[in-house]
Amino acid sequence: MLDALVEAQHVLKTDHSRSYLMKNRYDVKLVRQGETGRIQHIVVDNVWRTGDPAVLAVFDLIRPLKLYSRAECAQRLLRAVARRLLRNLG
């Protein structure tokens, strides 16, 4: 099991006065798969948030530009953490 506490601030490139700050707790169940690990289950719990939530909606408008969704970003981050953890555990 991996527990992570992640704080992220989203700011519009076009208007730095608008932002959204949040902190999420991730509970991740990892399973070893050969030399690597695999995320089997993730629970994301929002601890707190503040700011303009419309800032996040902007990401949905520009998705055709091949940006990752918030969920994909979280999964990529957790995969990187899991790989490092599994590598360190040997």
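About the criteria used
- Residues numbered from 1 in each chain as written.
- Predicted model: local features only at pLDDT ≥ 70, side-chain atom pairs only at ≥ 80, totals over all residues.
- Heavy atoms only, no water.
- Helix = DSSP H or I, 4+ residues; strand = E, 2+ residues; numbered from the N terminus.
- Buried < 20%, exposed > 50% of the residue type's maximum accessible area, 1.4 Å probe, protein only.
- Areas by Shrake-Rupley, 256 points an atom, 1.4 Å probe, with all protein chains shown as cover.
- Pairing = 2+ DSSP bridges.
- Axes fitted to C-alpha atoms, helices over the stretch in contact; angles between N-to-C directions.

1. With respect to the overall build of the chain
Within the chain, the regular secondary structure consists of 2 helices and 3 strands. Across the chain, helices and strands are ordered from the amino to the carboxyl terminus as β-β-β-α-α. Burial status across the chain gives 21% buried among its 90 residues. Counting every atom, the chain has about 6,800 Å² of accessible surface; 53% of that belongs to carbon and sulfur.

2. Side note on the sheet that holds strand 2 (residues 19–33)
Hydrogen bonds between backbone atoms are what pair the strands of a sheet, whose relative direction is either parallel or antiparallel. One open sheet holds the 3 strands; their spatial order is 1-2-3, and the pairing between them is antiparallel. Bordering the open sheet on either side are strand 1 (2–11) and strand 3 (36–51), each of which pairs with just one other strand. Along the sheet, successive strands turn relative to each other by an average axial angle of 25°, direction set aside. With 10 bridges joining them, strand 1 and strand 2 adopt antiparallel strand pairing. Directly across from Ala8, in strand 2, lies its bridge partner Met22.

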